[in-house]
Every structure is written in structure tokens, then in C-alpha cells.
Amino acid sequence: LEKGKEFEGNEVLNLNSCWRDPAFIREHLAYHVYAGCGAPSSRTRMVRLHLNGQFYGLFVEVEQPEKSFLKQWSLKGSAVYKANSPAQSADARDLGRETIFRAHWEKETRKTEDYRDLQTFCHELAIATNVHAFFTTRDDLEKYINYLAATALVQNWDCFNKNHFLVHDIKGSEKWLAVPWDLDRTFGDFWRGGFNETDLPLRLGTSAMPGPTGWNRLYDRFYSNPVLRKR
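Residues numbered from 1 in each chain as written. Predicted model: local features only at pLDDT ≥ 70, side-chain atom pairs only at ≥ 80, totals over all residues. Heavy atoms only, no water.

(A) Quick peek at the pairing of strand β7 (residues 176-180). Taken across its five residues, β7 has five buried, putting it largely inside the fold. Summarising the sheet, strand β6 (residues 164-168) and β7 pair through five bridges and their orientation is antiparallel. Residue pairing for β7: histidine 164 is matched across the bridge by proline 180. (Buried < 20%, exposed > 50% of the residue type's maximum accessible area, 1.4 Å probe, protein only. Helix = DSSP H or I, 4+ residues; strand = E, 2+ residues; numbered from the N terminus. Pairing = 2+ DSSP bridges.)

(B) Broad picture of unusual backbone geometry. The residue glutamine 88 is not glycine, and still its phi comes out positive at about 55 degrees. The residue glutamine 88 is located in the loop between β4 (79-83) and α3 (98-104) in this model. Judged by its relative accessible area of 35%, glutamine 88 is partly exposed. The phi dihedral of glutamate 174 is positive, around 65 degrees, even though this residue is not glycine.

(C) Representation of the sheet that holds strand β5 (residues 105-107) within the structure. Within the open sheet, the four strands sit side by side as β5-β4-β6-β7. Their pairing is antiparallel. The sheet is open, and its two edges are formed by β5 and β7, each paired on a single side. For this sheet, the mean inter-axis angle between neighbouring strands, taken without regard to orientation, is 30 degrees. Bridge count between β4 and β5: three bridges; the pairing is antiparallel. Note that in β5 the partner of tyrosine 81 across the bridge is lysine 107. Against the sheet, helix α6 (residues 141-154) contacts β6 and β7, and its axis sits at roughly 25 degrees relative to β7. (Axes fitted to C-alpha atoms, helices over the stretch in contact; angles between N-to-C directions. Contact = heavy atoms within 4.5 Å.)

(D) Inspection of the pattern of salt bridges at higher detail. Summed over the entire model, instances satisfying the criterion amount to 17 salt bridges. Across the salt bridge formed by lysine 5 and glutamate 2, the nearest N and O atoms sit 3.5 Å from each other. For glutamate 142, the salt bridge goes to arginine 231, with nearest N and O atoms at 2.8 Å. Residue glutamate 142 is located in helix α6, and its partner arginine 231 is located in the segment after α8 (226-230); the two are separated by 89 residues in the primary sequence. The exposure class of glutamate 142 is partly exposed, given its relative accessible area of 45%. Through salt bridges with shared partners, one network takes in Glu8, Arg45 and Glu61. (Salt bridge = Lys/Arg side-chain N within 4 Å of Asp/Glu carboxyl O.)

(E) Highlighting the layout of surface pockets. What the largest pocket holds in volume is close to 310 Å³. Along the wall of the largest pocket there are 14 residues; nearest its centre are Glu66, Lys67, Glu108, Thr109 and Arg110. Residue composition of the lining of the largest pocket, grouped by class: two nonpolar, four polar and eight charged. (1 Å grid on protein atoms, 1.4 Å probe; cavity = no way out; pocket = protein on both sides within 12 Å on 5 of 7 lines; lining within 4 Å. Points joined across faces, edges and corners; volume = space filled by probe spheres on them. Nonpolar A, V, L, I, M, F, W, Y, C, P; charged D, E, K, R; others polar.)

So, in C-alpha cells, the structure goes:
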């Protein structure tokens, strides 16, 4: 929307057709599960869309993780990065130069600033020798555990190198956390074509057990540590 013409406080409206889910329940419910687990996630609601007075369709509206979202979760002023890699490389890997990060991640807030904080975070993750210390000092550990628990509950397999955000709480804890996105492939929607059931292992998305599009470096380092894995 044009600047200064927000709708109900939102600068962006996401209206999802749920074309894979005639019940319109998977995505709506999945976001509620993440929030119920204490993992920051977008608000959703069902909406009827009318264009020029004519009924157009039923949609699930999903809150964009920008200003109102950050305020709701006490993350005001945070830098929000969307995993948006055309090469499926937005998996917290160390991409090297800051300019390469720009090609695989999209900044949703603080857009005039560089990507060096993300570059540093991914580099430190890659070289960390004390994984437990890294997660307790650089990552919002409690929220990340909540994120992983919710991911397991809703069987979200489509998030390892896309369909998520990394958020840097610059003005608060200065730590990083993960935020879910695009949750239509949950609750039994399997990548092999099935819609009725999935039975996925908790460590799917690690180097030892990649998902259909690859694996996530943050997942992998977390599950490599026995103390963190027990959490």
C-alpha cells in the first residue's frame, strides 16, 4: 500500500488462496500453533474479498512481519530478513561476501542498512567450536526451541532454506530468532503428493537427514549438540 495509506495499521496485505487446502485450515491453524508455543508468528484471519462490490473469493490473510508484528512480539526496531534465495541457499550458511547475502536474503525492515549483521551471524555459526555457547549468546534460545517444537507439531517440512525469516533484535536482546512463513504445506500435506498423513523425523532438515530442498545450518548445529537436542 502507498505510504501513509495503511489498512488497519498494515502496510502490506497478504491474501492467500489456500489452493491446496479446500478446508482453509492448514495455514491458519499452523500460525496459531507457533504462537501458542511461544514462537513469534504472524496473526491470521479468514477474509471475504469483494472487488467493486462483487464477491471475489475467500482467503486467509497473513500478517506481514513488519512494524505491527514487531510491536506485538516486543521486537520493535528489529532487522527482518526473508529467506528468499533463487538457489535455495538461504539456509543460514556462510555465503562469504556481504553482497552475496543480498542475492539470497531480502530485507523487510531497516532496508537502507547493509546485511553485515546477517553475514556475521552466519559466519560465526559456521566456525563455532562451542555450539552450546553460540546458541546461548547469539540466538534467542528459548524462542528457537519453541520454533522447533512447533515445526515438529505441524510437520512443517518446507522451511529449511526458504519460507522463514531470521530476525535480529537489534534494539533489545541483540539476539537472533526464527519466524515461520508460508505454512500451507503442513498438517499432512506431504511433498511426495499425499494430503492425509506425514510422519517426519524431528531431525529432518539436518545434514544427516535433508529435506526435499536441502538442509538448514542453524537446525544442524542445534541438533549436533546433545544438551541442546535434549531441550
